[in-house]
Amino acid sequence: MNLYQETKKLMRQYEITAKKDLGQNFLIDEEVIHDIIHSADIKKEDLVIEIGPGLGTLTEKLLENAGKVVCIELDKDMLTILRQRFQAEKKIEMIHADILKFNLKEKIKEEKENKEIKSIKIVANLPYYITTPIIMKLLEEKLDIQSITVMIQKEVADRLSEIPGGKHTGAITYTMYYYAITSKVRTVPHTSFIPEPDVESEVIHIQLRNSPAVKVQDEKKFFEIVKYAFMQRRKTLLNALGNTNRIDKEKLKNILKEMNLNEKVRGENLSIEQYAELVNKLETID
């Protein structure tokens, strides 16, 4: 029985359909699952936290490779299926929770007390509508994790894996680069899911840095400046930041001159190092 047949059988057995409001699409491509496991580099001493395991297709393979798997699932129907499917499995824990509200830091701290666990990795097939909030939570909470391997909408993956200043740069590109090194693993076609989504997907691997990519005096201000620069990305950086009423336009003009940047430069054209320098100079003036 192939994965497509197995998935259809489970759906018939439990009389379920994918819930659109939860962004559910069931993965039926064995090659994609293999590539996720391979890119996540799961080992026996790893604890894997799987977000939104659904029917447990990926969970099954994670259990074959990891020391322990913690599944965090919002849908009670999926949780029922998971508990029945893996009832004989001892190295799995299932939690009914909304990942955006769940205290991951506390859970990871608890798991780290197990001396057999050497590192913690996150793996997920994320619902497209909450991809960014979930990834931002995982990064901004500065969790004690080694990597994040996720399948997301291709268009979002392009921005997350871009080098700051590149073709697909967005504000989130700088945040990703600040915290991690992100690489694309593979594109996943519509036909790899039941039901088929309207867009292509991409598997990306996010390797957390030991320390941020740049040093800034005020981390909060750094991300705030980048956000403002991209809120009005058609404008020059001078106008986008100057119009916030938080930064004196003349001071900003002088800083750009010091940095040998044209007054008409746009926010998307700055490297992450230039943003760090800009923010640090603003701190010195303030």
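Criteria and cut-off values
Residues numbered from 1 in each chain as written. Predicted model: local features only at pLDDT ≥ 70, side-chain atom pairs only at ≥ 80, totals over all residues. Heavy atoms only, no water. UniProt positions renumbered as here; feature names shortened; annotations may be inferred. Helix = DSSP H or I, 4+ residues; strand = E, 2+ residues; numbered from the N terminus. Buried < 20%, exposed > 50% of the residue type's maximum accessible area, 1.4 Å probe, protein only. Areas by Shrake-Rupley, 256 points an atom, 1.4 Å probe, with all protein chains shown as cover. Lys, Arg positive; Asp, Glu negative; His and termini not counted. Charge placed at Lys NZ, Arg CZ, Asp CG, Glu CD. Phe/Tyr/Trp six-rings, centres within 6.5 Å; stacked < 30°, edge-to-face > 60°. Lys NZ or Arg CZ within 6 Å of the ring centre and 35° of its normal. Polar contact = N/O pair within 3.5 Å; in protein donor to acceptor, adjacent residues only side chain to side chain. Contact = heavy atoms within 4.5 Å. Core = buried A, V, L, I, M, F, W, Y, C linked by side-chain atoms within 4.5 Å. Axes fitted to C-alpha atoms, helices over the stretch in contact; angles between N-to-C directions. Left-handed = near helix turned anticlockwise from the far one by under 90°. Nonpolar A, V, L, I, M, F, W, Y, C, P; charged D, E, K, R; others polar.

Going by the annotation in an unreviewed UniProt entry, the name recorded for the chain is Ribosomal RNA small subunit methyltransferase A, with Candidatus Merdicola faecigallinarum given as the source organism. What UniProt records for the chain under Subcellular location (unreviewed entry) is the sentence "Cytoplasm". The record held by UniProt for the chain lists under Sequence similarities (unreviewed entry) the comment "Belongs to the class I-like SAM-binding methyltransferase superfamily. rRNA adenine N(6)-methyltransferase family. RsmA subfamily."

Scanning the chain from terminus to terminus reveals 12 helices and nine strands. Along the first, second and third principal axes, the C-alpha set of the chain runs to 65 × 45 × 30 Å. Counting across all 286 residues of the chain, residues that qualify as buried make up 51%. Here the chain displays about 14,600 Å² of accessible surface, and carbon together with sulfur accounts for 45% of that area. On the chain, the mean spot of the 45 positive side-chain charges and the mean spot of the 46 negative ones are 3 Å from each other.

What describes a pair of aromatic rings is the distance from one ring centre to the other and the angle between the planes of the rings. If you walk through the whole model with that rule in mind, you get seven aromatic pairs. Every member of this aromatic cluster is reached through a ring pair, and the members are Tyr178, Tyr179, Phe222 and Phe223. It is Arg209 that lies over the ring of Tyr177; its NZ or CZ is 4.6 Å from the centre. A cation over an aromatic ring shows up here: Lys227 above the ring of Tyr228, its NZ or CZ 5.5 Å from the ring centre.

So, about the UniProt feature "domain: Ribosomal RNA adenine methylase transferase N-terminal" (unreviewed entry) in the chain. When the UniProt feature table is mapped onto this chain, "domain: Ribosomal RNA adenine methylase transferase N-terminal" (unreviewed entry) is found at residues 32-210. For residues 32-210, helix accounts for 36% and strand for 28%, while the C-alpha atoms at its two ends are 29 Å apart.

Structurally, Asp75 can be placed in the loop between strand E3 (68-73) and helix H4 (76-85). We classify Asp75 as buried; its relative accessible area is 4%. Polar side-chain contacts of Asp75 include one of 2.9 Å to the side chain of Lys19. Those residues in contact with Asp75, other than ones at most four positions away along the chain, are Lys19, Leu22 and Gln24.

What follows is about the nonpolar core. Counting 64 residues, the largest nonpolar core has Phe222 and Tyr275 as its most contacted members. Each residue touching Tyr275, except ones within four places of it in the same chain, is listed here: Tyr174, Phe222, Ile225, Val226, Ala229, Phe230, Leu237, Gly267, Glu268 and Leu270. Grouped together as the second largest cluster of nonpolar side chains are 25 residues, Leu27, Ala66, Leu82 and Phe86 included.

Note that the residue after Ile194, namely Pro195, is joined by a cis bond; omega there is -15 degrees. Assignment of secondary structure puts Pro195 in the loop between strand E8 (193-194) and strand E9 (201-208). A positive phi angle, near 55 degrees, is found at Asp41, a position not held by glycine. For Asp41, the position within the fold is in the loop between helix H2 (30-40) and strand E2 (46-51).

Per the UniProt record, "binding site: S-adenosyl-L-methionine" (unreviewed entry) is annotated on Asn25, Leu27, Gly52, Glu73, Asp98 and Asn125. By relative accessible area, which is 26% here, Asp98 ends up partly exposed. Note on placement: Asn125 falls in strand E5 (residues 119-125).

At a closest axis distance of 11 Å, the pairing of helix H6 (residues 131-140) and helix H8 (residues 171-179) adopts a crossing angle of 35 degrees. At the point where H6 passes H8, the crossing takes the left-handed sense. Contact residues: H6 offers Thr132, Ile135, Met136, Leu139 and Glu140, while H8 offers Ile172, Thr175, Met176 and Tyr179. By residue class, the composition of the contact of H6 with H8 is six nonpolar, two polar and one charged.

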